[in-house]
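Fold and geometry: a report
Spelled out from the first residue to the last, the chains are:
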Amino acid sequence: MELINKSALELRDLLDKREVSSREIVEAYLERIEAVEPKVNSFVTLTKEQALKDADKADKMIKDKTATSLTGIPIAIKDNLCTYHVKTTCCSKIIKDFLPPYDATVITKIKEAGMPILGKTNMDEFAMGSSTETSIFGPSKNPWDLERVPGGSSGGSAAAVAAMEAPLALGSDTGGSIRQPAALTGIVGIKPTYGLVSRYGLIAFASSLDQIGPFAKNVSDAAALLTLLAGHDRRDSTSLPLEKVDYLQNLGQDIKGLRVGVPVEFFAEGIDPEVESNVKNSIKALEEFGAEIIEISLPHSEYALAAYYLVATAEASSNLARFDGVRYGHRSKEDRDSVTMFKHTRAEGFGPEVKRRIILGTYALSSGFYDAYYLKALKTRTLIKQDFDEAFKKVDVLITPTTPSPAFKFGEKNKDPLAMYLSDIFTTTANLAGIPAMSLPAGLTSEGLPVGVQIFAPALKEDIMLNTAYALEKAIGSIGFPALEV
Amino acid sequence: MSLIDKKTVERVADLARLHLTEEEKEDMTKSLNEILEFEQKLANLDTDDVEPTIHAIELKNVMRKDKVEESLSIRDVFLNAPDEAEGFFKVPRIVELD
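For clarity, every value in this text was computed on a predicted model and none was experimentally measured.

Once that is clear, we can look at the overall build of chain B. Helices and strands together make up the secondary structure of chain B, namely three helices and two strands. The C-alpha atoms of chain B give a radius of gyration of 23 Å, which is well past the 13 Å a tight globule of 98 residues would have. Seen through its principal axes, chain B has C-alpha atoms that stretch 55 × 45 × 30 Å. Nonlocal contacts in chain B, meaning residues at least 24 apart in sequence, comprise 31% of its contacts between residues at least 6 apart. Per element, the accessible surface of chain B, about 7600 Å² overall, is 50% carbon and sulfur. If you average the places of the 14 positive and of the 25 negative side-chain charges in chain B, the two averages end up 5 Å apart.

Next comes the structure, spelled out in C-alpha cells:
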C-alpha cells in the first residue's frame, strides 16, 4: 500500500535508485484498482496485461539509461482519447465497441516515454456533462463521499487519481471538464493554453474550446506531465509551433511582487460560503508570500456561460455529424434507406443530453436564428477575451474559486440541464479566451469535501501559473486523501 | 412566452438527422425553452461594433507538401465497419427506385 501514496516524481526517484521496479508500481496500482473499483467506478476498460508488459519495457529503459522524466510511471486515460486497438467509447452507445485504428498524439508521447497505461476512464457521454451521470457505464463516485459526484466530464480520471488508483491521468477540458472534477475530488488539474497540446486523436466535442490536460496529486507531477504532453504536432493544424518548455524548471521561484488579480465577479452571491472562505485563505497565503493582491473586474463574466453553451453546442452539432452508422459504430436495423438509417442510428446511439445539445447547436446555427444566437455568442466571446486582455495588463495571474460549491449529490442536478450547466460558471471563460487555467486544492469544508482554487494566466504563461500554484500548495499543505475504507 | 415550439424542434431534429419520439419532442421543447430563456441575457449586450471570435488564438492555413505517406492499413480502416463489401463501406439504398 505504500507505493500508491507517493507522487509520480517520488516514484520516479525510487525507480532511478532501483529501490522499486515499474512492474512493482503497476502491480501495486492494479491491486488498489481491484480493491476500490467496485466502490468508485473510475475505469470503463482496464488494460492490465499491456500495462505489465509496458512496465517491463520501462524497467529495461531505466536499466539501459534511455529513460525520461516519467518513464515507468503508470497513467489512466479518459475514454475520449484514441488508443490503438483498445476500446475508446466516449461512454456512448454509439461507439461502445469502437477500436481506434491509431493512437492520439498524446498517447504516442506517453507510450514513447515508457508510461504504462492502466486503462480508460469514465466520463460523461461525449464529455457533455459535469458529473459523469450521462455515462452509459453508470457514474463514477467521489472518493471523498460515495454519495456525491466526482464532477465531470473527466470524472473518472479525477476519481482514479483521488482514490489512488493511478498517480496521473489525462482528461480533456472544453468548459471546465478537467478543472471542475479536479476541484471536487481535491487534486490538481490543468487546462493548457489552446494549441499547446495536440488534439489529434481526441474525439472532438467543441474544436475551438477542447484541450487535453493532466490530472495529478500535486503541482510538480502535473507540471512534469504537461511538459511531456506539450508541443507542436503537424497532425493538428491548431497546435502551436513553439519551443519546448520544461515546466518543472520554474517551480519554487519567489513570488514576491507577483501581481495577483481577484475578479470581483467570481465572488458574487450564490457562492458557497465555505468555498469562499477557503479561496480567500488561499489569496491571503499568496499575500503573505509577498504577492500584491489587486481587485479587478471582468465585466462580461456573467455572459460567459450563455455564450459558451451556444458556441460549444454549435460546434458539437457539427462534430457529432460524423456518427452516422456508415464507417464505424452502431448502425440501426431501421435501414430502408440511408437517411432513415442515419436518423435511427443517432436516435438509438446518443443519450438524452447529447441529443439536447445537438438540437440546441443545430438550432443556434440554423437560418433565421444564427444572428441572434451563434453570431451573438461569438461577439460575446470577443468581449470576454478583451476582459482578460485588459486584466492581464494590470496583473500576472488571476485567482478565483473553481466551482461555486463543493461536490453535489447524485440526482441533484441531472434532471435539470440548466442547473448542471451552472456548475461550469467559473470555468468556461478560460476556454472561450483560449488562456491556461488550473485548479488545485484550497482546503476542505467542515463536511470534509474538497474545495478547489482556480488560477488563470495569460496565453502560454503556464510557467507563471504553475509557479503560483506551487507557492500556494506549499502554503496550504496537502489536504490528504480520502479514507475510502477497503 | 415560448421561444421554441414543437414544430421547430421537429424541423431542427430533421436537419440534425435525429429521430425523436413524441415524448422526446415534448421533453426537448420544454428544456430548450428553459435554456433559451437563459440565453436571452445575451440580447442585453450591445455588440453592434464587436467583431466575432471564432478561435481565441489566431489561426492561419497550414500547408504541407502533397507527397505520398504511409496511411492506415485496409484492415484497420474496415475494423469498425458495420457493413462492408469488396473494399467499400456498404450502406442502405440512397437513390429512390421509383
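Residues and elements named next belong to chain A. Judged by pairing direction, the sheet is mixed, and its 11 strands sit side by side in the order β1-β3-β2-β4-β6-β5-β10-β11-β9-β7-β8 without closing on themselves. Looking along the sheet, the strands with just one partner apiece sit at the ends: β1 (43-46) and β8 (292-296). Between one strand axis and the next, the sheet turns by 30° as a mean value, whatever way the strands run. By the bridge criterion, six bridges tie strand β4 (residues 168-173) to strand β6 (residues 211-216) in an arrangement that is antiparallel. Residue pairing in the sheet places G171 in a bridge with G213 of β6. Lying over the sheet, helix α2 (residues 22-40) contacts β1 and β3 (117-121), oriented at roughly 30° with respect to β3. Most of the contacts of helix α8 (residues 273-288) go to strand β11 (residues 450-456), to which it runs at about 50°, and overall it touches β7 (259-263), β8, β9 (397-401), β10 (437-444) and β11.

Counting from both sides, the interface comprises 69 residues of chain A and, opposite them, 54 residues of chain B. Between chain A and chain B the total buried area reaches about 5400 Å² when both faces are included, carbon and sulfur atoms providing 68% of it. Among the residues of chain A in contact with chain B, K343, I359 and K376 of chain A are the three that bury the most area, contributing 12% of the side total. In this assembly, chain A and chain B are joined by three salt bridges. Of the charged contacts in the structure, one is a salt bridge between K355 of chain A and E24 of chain B, with a shortest N-O distance of 2.7 Å. Elements represented by at least two residues in the side of chain A that touches chain B include exactly α9 (304-319), α10 (338-349), α11 (352-365), α12 (371-394), α13 (417-421) and α14 (428-433) of chain A. Residue composition of the side of chain A that touches chain B, grouped by class: 36 nonpolar, 16 polar and 17 charged.

With that out of the way, let us pick up the nonpolar core. Formed by 166 residues in total, the largest nonpolar core has its most connected members in F126 and L170 of chain A. Ranked by residues supplied to this core, first place goes to α9 of chain A with 11 residues.

Right, let's get into the packing of α2 of chain A against helix α3 (residues 48-63) of chain A. Residues and elements named next belong to chain A. At a closest axis distance of 8 Å, the pairing of α2 and α3 adopts a crossing angle of 155°. In this view, α2 runs roughly antiparallel relative to α3, as classed from their interaxial angle. The two elements α2 and α3 cross, and the hand of that crossing is right-handed. Here α2 contributes S22, R23, V26, E27, L30 and E34 to the contact with α3, which in turn contributes K48, A51, L52, A55, D56, A58 and D59. Residue composition of the contact of α2 with α3, by class: six nonpolar, one polar and six charged.

A few words now on the packing of α11 of chain A against helix α2 (residues 22-39) of chain B. Contact pair α11 of chain A / α2 of chain B: the axes reach a minimum separation of 11 Å and the direction vectors enclose 60°. Here α11 of chain A is positioned oblique relative to α2 of chain B, judged by the angle of their axes. Like other packed secondary-structure pairs, α11 of chain A and α2 of chain B cross with a definite hand, here right-handed. When α11 of chain A is examined against α2 of chain B, the residues K355, R356, I359, L360 and Y363 of chain A are found in contact with a partner set consisting of E24, M28, S31, L32, I35 and L36 of chain B. Residue composition of the contact of α11 of chain A with α2 of chain B, by class: seven nonpolar, one polar and three charged.

Here the focus is the environment of V451 of chain A. All names here are of chain A. Mapped onto the elements, V451 comes out in strand β11. Judged by relative accessible area, V451 falls into the buried class, the value being 2%. Considered as a pair, V451 and G156 are 295 residues apart in the sequence and their alpha carbons are 18 Å apart. The contacts of V451, once residues within four sequence positions are left out, are A183, E274, V275, N278, V279, L440, P441, A442, G443 and T445.

Time to look at α9 of chain A. Taking 1.5 Å of rise per residue, 16 residues should cover 22 Å, and α9 of chain A covers 22 Å from first to last C-alpha, within 8% of that figure. By the criterion of burial, α9 of chain A is predominantly enclosed, with 15 of the 16 residues buried.

With that settled, consider the side chain of R12 of chain A. Here R12 of chain A is to be found in helix α1 (residues 8-16). If we skip the residues at most four places from it in the chain, R12 of chain A touches I62, A67, T68, S69, L70, T71 and I73 of chain A.

Our next topic: the pattern of salt bridges. For the coordinates displayed, the defined rule picks out 29 salt bridges over all chains. In this structure, the salt-bridge partner of D396 of chain A is R259 of chain A, at a minimum N-O distance of 3.0 Å. In this pair, D396 of chain A is assigned in the loop between α12 and β9 and R259 of chain A in strand β7, connecting sequence segments 137 residues apart. On the accessibility criterion, D396 of chain A (22% relative accessible area) is partly exposed. Of the charged contacts, one joins D14 of chain B and K343 of chain A as a salt bridge, the two residues approaching to 2.3 Å between their closest N and O atoms. In this pair, D14 of chain B is assigned in helix α1 (residues 6-15) and K343 of chain A in helix α10, connecting two distinct chains. Its relative accessible area of 38% is what places D14 of chain B among the partly exposed residues. Three or more residues joined by partner-sharing salt bridges are found here, namely K6, E10, E22, K25 and E26 of chain B.

Analysis parameters
Residues numbered from 1 in each chain as written. Chains lettered and ligands numbered in written order. Predicted model: local features only at pLDDT ≥ 70, side-chain atom pairs only at ≥ 80, totals over all residues. Heavy atoms only, no water. Helix = DSSP H or I, 4+ residues; strand = E, 2+ residues; numbered from the N terminus. Rg over C-alpha atoms; globule rule 2.2 N^0.38 Å. Contact = heavy atoms within 4.5 Å. Areas by Shrake-Rupley, 256 points an atom, 1.4 Å probe, with all protein chains shown as cover. Lys, Arg positive; Asp, Glu negative; His and termini not counted. Charge placed at Lys NZ, Arg CZ, Asp CG, Glu CD. Pairing = 2+ DSSP bridges. Axes fitted to C-alpha atoms, helices over the stretch in contact; angles between N-to-C directions. Buried area = accessible area lost by both parts, 1.4 Å probe. Salt bridge = Lys/Arg side-chain N within 4 Å of Asp/Glu carboxyl O. Nonpolar A, V, L, I, M, F, W, Y, C, P; charged D, E, K, R; others polar. Core = buried A, V, L, I, M, F, W, Y, C linked by side-chain atoms within 4.5 Å. Buried < 20%, exposed > 50% of the residue type's maximum accessible area, 1.4 Å probe, protein only. Parallel < 35°, antiparallel > 145°, perpendicular 65-115°, else oblique. Left-handed = near helix turned anticlockwise from the far one by under 90°. Expected span 1.5 Å × (residues − 1).

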